[in-house]
Amino acid sequence: MSVADDLCARAIELVDGRAEAQATASAGRSSLTRFANSFIHQNVAEDRASLGLTVVVDGRLASASTTSIDDDGIRRFVDATIEAARLRPVDADWPGLSGPAAMPSVDHYDEATAVASPTERAAIVKAFVDAGGELKAAGYCATSNRDYGYANTAGHTASGRDTIATFEGIHQLVPGVSAGLATDASVRLADLDGAAAGAHAAATARAAADPVELEPGDYEVVLQPECVATLLVFLGFDSFNAKAHLEGESCIQLGAVQFDPSVAIWDDVLDGRAVGIGYDAEGTPKRRVDLVTEGVSVGLAHDRRTARKAGTESTGHAIPGGESWGAFPQNLFMAGGDASVDDLIAGVERGLLVSELNYCRILDTKTMVATGLTRNGTFLIENGAVTKPIRGLRFTQSFLGALGPGNVRALGAARYAASNEEEVLHVPSAHLGRWHFTGGAKG
Amino acid sequence: MFDYAQAAVEGALAAGATYADARVVLRRSQRLSCLNQQIEAMSQDEDGGVGVRALIGSSWGFFATQDLTDAAARAAGQHAADIARASAIVSGPPLRLTDVPVNETHWETPHTEDPFAVPLSGKADLLVAVSAAIQAVKGVSLARANVTFWDTNKWFVSSQGHRISQHVVESGGGMSATAVGEDETQVRSYPQSFGQFETGGYEVIRRFDMPAHATRIGEEAVALLTAPACPAGTTDVILESSQLALQIHESVGHAIELDRILGWEAAYAGTSFLELPNLGSMRYGSELMNITADATLPGALGSFGYDDEGTPAQRVDIVKEGTWVGVLSGRDSAAIAGLPPGGMVRGDGYNRMPMVRMTNVGLLPGDSSLDEMIADTDDGIYMATNRSWSIDDKRLNFQFGCQIAWEIKNGKRGRMLRNPTYTGITPQFWGSLDRVGGEAEWVFWGTPNCGKGQPGQVGHTGHPASPGRFRGVRVGVKG
């Protein structure tokens, strides 16, 4: 029995029939090696086990979490959570506990990554830094391994484990002006190639030397996968979130053609390329959920609470704290094609190649209009070729409209890419017909 | 608890660290949120453990464990040193620390009413009542209210002899009304976007008097759905104080972080347009711009007794009469820059390495007032309460959206405007500041959700501000 399974079992035993209850737990090590100015300056790790508990007493619900996991700590924690539940109003939306269910076979885990040392992470960093030569490098390499457990008083239990290795780095010719980005992620640290990432970022940084100002306006764009990942992170959280949809704040209209016919978006932890575990915070098994098929909005991410209100089944996307935030997809895929980024560029008469969308914020979730900036490599494309680097631009653009009918000219090959919001998604590069830039270095 | 921190430090030194410090942190939080008269979430979270930082050569190593035993703390210290040593594979210049006074002391947030002793039922009743009052306004779709409390105990020990304990109490909350239209949503919040947060006890919540403002924000949210859109163009803008507080946070607070200026955050949060050789001479804004970073302000969210390196809380001039004169720093960054340490390094819980964080970075009051600014404006827009925010990674190019605005014509506040936005470039924008509200309108706004660092950390920062007027600002940017 893993530490996480043991924590869940002890908590449910201590509830001792006083309440409906579900316990979730995770335990493992997270490590991150961070570098700037071309050397490692912050190198951190933590061992952490935590226990979450939701109890329902006569329809009154309380949730709590703790890292105090000795016997006395768990006993005090369970008693305090039950006592808290008694003091709040009845939760009319409580959907009940999940019952026993078959779990999908998911094991996104690599033992070598689980025990990766700071020396191994440093070696990847060194390869990235060395690939840039005189350029100034910054970024991080991280690994984590966790065991997960779930148990409830309805007799349902579940277990899982995962590892993930992530890398993000930039090379800077002139910091804040001419830089290049590379990201990668995998279940296996061995899959990360610091030298290749470094070569890509360095080439971008050198190509970005002496950027020129470009008048804001509407341009065709070729978005690198990191940019598409950012679009989908926001659409996932604000739009495909069933709670937001039920409350009228989502832009999604089920059954409507809201995306280009070439767009297909789904969530699937069962995919061999995915990361994560096979069930959610309510113990519901995860499965593939189609969100957009041939441009039509067809699905939402549900937890048990939203599913009950909508008269459907949970899709296995509950998160801790979902009573407030709702459920949202966490293993997003977007279909791509066979084209390379160079192929996409070749199809642009005049437009921009964008490497990263930074500091994006949504002005209204109903329209998904966002503002943000380009960074770490923005280039002018003329007659099918990159001709010159451009200074960072501000945009004010609907993320829904960006992928809307008729605006997706072509999609490139899909790969894992880290969004600027720290999520990792499997997405393609994209050639879009129009992107609305509203400002530059002069405002 | 000092003993565990001491054991962690000793473990790091025994493993070769040239300097080490450790914090035992026990933190509790409680949050209640209400939607349309239903308590939708009530959570109580606690975490605790020891985090130890070891310096070897050019790198910090940090390790955290929740296991509060002598052996585990000592092992954590050794891990931290081992991790720091591994950094030598990609090493840089050796890191030095500036000297700070060595203290053995205790500090506690002044507060009168322990927020955790107030019954949950009373808090739930307040939120339900507030939500009901908002929902009573016809046209309101979503009536939200929430409160959050933190209680943090810290014990800090360094290899130089510090032994400092602190008890920090923070309270806050707020409410919002959302009106959902056919093609857009409109939101009004009180006391500010996402609520107001301060150091202090439950007295903070009582002072907000949320019930008195519930109907107003509901009516404003509904009215916004049919209000005319903020026009596009260039005009004079008056910012309500909570929006000005966020403007300070984004375009001053982050820009003056010395770790950003030194490039330590380049890959994620970014750098800064500020360059150290220009400290003391660069013009940041107009002569009315006086910014301080003051961790000693009673009640402000960024106040404490000592930072997480044991440096006493202090007030530092950042911008004086428009000239950039100061930074936010820690012992390592200050040593590189040749500056005295600012006491501005904090970590998010026991398991995150302390880093440069804003304290209370605020605009000192001027001698004007909101009424006087409006009366003195022929043609402009008054914007209030943040709705969206974005700024580039050098903290130059920003764009903010506000929840509500009013047209100003011939010195009078006129019709309501929906979807107001404004955009600009930091030094030019601050250079256009020509009116600052006085002490009577000076509010210690709190930001409880400042993200920074990898792995991510959430910081609690304060931003004293009163209303201000800016001339010739670009407004009405649309998607």
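Residues numbered from 1 in each chain as written. Chains lettered and ligands numbered in written order. Predicted model: local features only at pLDDT ≥ 70, side-chain atom pairs only at ≥ 80, totals over all residues.

A. Highlighting the overall build of chain A. For chain A, the count of helices and strands is 11 helices and 17 strands. The C-alpha radius of gyration computed for chain A amounts to 23 Å, which stays within 12% of the reference 22 Å derived for 443 residues, consistent with globular compactness. Classification of the 443 residues of chain A by burial places 62% in the buried group. Put simply, of all contacts in chain A between residues at least 6 apart along the chain, 73% involve residues at least 24 apart. (Helix = DSSP H or I, 4+ residues; strand = E, 2+ residues; numbered from the N terminus. Rg over C-alpha atoms; globule rule 2.2 N^0.38 Å. Buried ≥ 20, exposed ≤ 12 C-beta atoms within 10 Å, placed from the backbone. Contact = placed C-beta atoms within 7 Å.)

B. Summary view of the overall build of chain B. A tally of regular secondary structure across chain B gives 10 helices and 23 strands. On C-alpha atoms alone, chain B measures out to a radius of gyration of 23 Å, which is about the 23 Å that the 2.2 N^0.38 rule sets for 479 residues. Considered along the principal axes of its C-alpha atoms, chain B spans approximately 70 × 55 × 35 Å. Of all intrachain contacts in chain B linking residues separated by at least 6 positions in sequence, the fraction that spans at least 24 positions is 76%.

C. Region of interest: helix H2 (residues 70-86) of chain B. For H2(B), which comprises 17 residues, the first-to-last C-alpha distance of 25 Å matches the rise-based estimate of 24 Å (1.5 Å per residue) to within 8%. Among the 17 residues in H2(B), 14 count as buried, and that is most of the element. (Expected span 1.5 Å × (residues − 1).)

D. Summary view of helix H2 (residues 71-86) of chain A. Compared with an ideal rise of 1.5 Å per residue, which puts 16 residues at 22 Å, H2(A) spans 23 Å between its outermost C-alpha atoms and is within 8% of the ideal. When H2(A) is considered as a whole, its buried residues turn out to be Ile74(A), Phe77(A), Val78(A), Thr81(A), Ile82(A), Ala84(A) and Ala85(A). Viewed along the axis of H2(A), the buried residues span an arc of 160 degrees, placing them on a single side of the element. Looking at the buried side of H2(A), the elements it contacts are helix H1 (3-15), strand S2 (39-57) and strand S3 (60-66) of chain A together with strand S2 (38-56) and helix H3 (120-135) of chain B. (Arc of directions from axis to C-beta.)

E. Focus on the domain arrangement of chain B. Residue and element names in this part refer to chain B. Once the domains are mapped, chain B shows domain 1 (2-224) and domain 2 (233-475). Between domain 1 and domain 2, the residue contacts involve 45 residues of the former and 37 residues of the latter. At the level of secondary structure, the elements contributing two or more residues to the side of domain 1 that touches domain 2 comprise strand S1 (19-35), S2, strand S3 (59-65), strand S5 (142-158), strand S6 (163-180), strand S7 (185-190), strand S8 (196-199) and helix H5 (211-226). Per-element accounting of the side of domain 1 that touches domain 2 gives the leading share, 6 residues, to S2. Residue composition of the side of domain 1 that touches domain 2, grouped by class: 19 nonpolar, 16 polar and 10 charged. (Domains from an automatic or database assignment. Nonpolar A, V, L, I, M, F, W, Y, C, P; charged D, E, K, R; others polar.)

F. Seen up close, unusual backbone geometry. All names here are of chain B. Backbone torsion omega between Tyr 190 and Pro 191 reads -5 degrees, so that peptide bond is classified as cis. Note that Pro 191 resides in the loop between S7 and S8. Its identity as a non-glycine residue notwithstanding, Asn 36 has a phi of 45 degrees, on the positive side. Turning to its location among the elements, Asn 36 is positioned in the loop between S1 and S2. Backbone geometry places Glu 321, a non-glycine residue, at a positive phi of 45 degrees. Inspection of the secondary structure assignment puts Glu 321 in the loop between strand S11 (315-320) and strand S12 (323-324).

G. Summary view of the domain arrangement of chain A. Residues and elements named next belong to chain A. Split by domain assignment, chain A resolves into domain 1 (3-204) and domain 2 (211-443). Distance from the C-alpha centre of domain 1 to the C-alpha centre of domain 2: 23 Å. If you look at the interface, domain 1 gives 34 residues, while domain 2 gives 31 residues. Secondary structure elements with two or more residues in the side of domain 1 that touches domain 2: strand S1 (20-36), strand S4 (136-152), strand S5 (157-174) and strand S6 (178-186). Here the element with the most residues in the side of domain 1 that touches domain 2 is S6; it accounts for 8 residues. Residue composition of the side of domain 1 that touches domain 2, grouped by class: 16 nonpolar, 14 polar and 4 charged.

H. Here's a closer look at the environment of Ile291(B). Structurally, Ile291(B) can be placed in strand S10 (residues 291-294). Distance from Ile291(B) to Phe429(B), taken between C-alpha atoms, is 15 Å for residues 138 residues apart in sequence.

I. Structural detail: the interface of chain A and chain B. At the junction of the two partners, chain A supplies 81 residues and chain B supplies 71 residues. With 11 residues, S2(A) is the largest single contributor of residues to the side of chain A that touches chain B. Classifying every residue of the side of chain A that touches chain B by side-chain character gives 30 nonpolar, 32 polar and 19 charged. Alignment of S3(A) against S2(B), held across 3 bridges, turns out to be parallel. Directly across from Ser65(A), in S2(B), lies its bridge partner Asp45(B). (Pairing = 2+ DSSP bridges.)

J. Inspection of the pairing of strand S23 (residues 468-475) of chain B at higher detail. Residues and elements named next belong to chain B. Taking burial as the measure, the 8 residues of S23 include 6 buried ones, the bulk of the element. Looking at chain direction, strand S9 (residues 233-239) and S23 are connected through 6 bridges and run antiparallel. From the neighbouring strand, Val 237 faces S23, where its bridge partner is Phe 470. Pairing between strand S20 (residues 433-436) and S23: 3 bridges, direction antiparallel. Each bridged residue has a counterpart across the sheet, and for Arg 435 the counterpart in S23 is Arg 469.

K. Structural view of the nonpolar core. Within the largest apolar cluster, 289 residues are counted, with the highest numbers of intra-cluster contacts made by Leu232(A), Ala8(B), Val50(B) and Val52(B). Looking at this core element by element, the count peaks at 10 residues for S2(A). In contact with Val52(B), other than residues within four places in its own chain, are Ala8(B), Val9(B), Ala12(B), Ala20(B), Ala22(B), Phe63(B), Ala76(B), Gly77(B) and Ala80(B). (Core = buried A, V, L, I, M, F, W, Y, C linked by C-beta atoms within 7 Å.)

L. Seen up close, the sheet that holds strand S15 (residues 361-363) of chain B. Residue and element names in this part refer to chain B. One open sheet holds the 4 strands; their spatial order is S12-S11-S10-S15, and the pairing between them is antiparallel. This sheet does not close on itself; its edge strands, each paired only once, are S12 and S15. Pairing of S10 with S15, which is carried by 3 bridges, proceeds in the antiparallel orientation. Bridge pairing links Ala 293 to Val 361 in S15. The strands that helix H6 (residues 241-253) touches are S10, S11 and S15; relative to S15, the one it contacts most, it runs at about 120 degrees. (Axes fitted to C-alpha atoms, helices over the stretch in contact; angles between N-to-C directions.)

M. Structural detail: the packing of helix H1 (residues 2-14) of chain B against H2(B). Residue and element names in this part refer to chain B. The contact between H1 and H2 brings their axes to 7 Å, and the two run at 40 degrees. Pair H1 / H2 crosses with right-handed handedness. Residues Asp 3, Tyr 4, Ala 7, Ala 8, Val 9, Glu 10, Gly 11, Ala 12 and Ala 14 of H1 form the contact with H2, whose own contacting residues are Asp 70, Ala 73, Arg 74, Ala 75, Ala 76, Gly 77, Gln 78, Ala 80 and Ala 81. Its residues assigned to classes, the contact of H1 with H2 comprises 11 nonpolar, 3 polar and 4 charged. (Left-handed = near helix turned anticlockwise from the far one by under 90°.)

N. Expanded view of the pairing of S5(B). Counting buried positions along S5(B) gives 16 out of 17 residues, so the element sits mostly inside the fold. Between S5(B) and S6(B), which pair antiparallel in sequence order, lie 4 residues; one of them, Gly161(B), sits at a positive phi of approximately 110 degrees.

O. Region of interest: the environment of Ala385(A). Considering the arrangement of structural elements, one finds Ala385(A) in strand S14 (residues 385-389). For the pair formed by Ala385(A) and Ile12(A), sequence separation is 373 residues and the distance between their alpha carbons is 62 Å.

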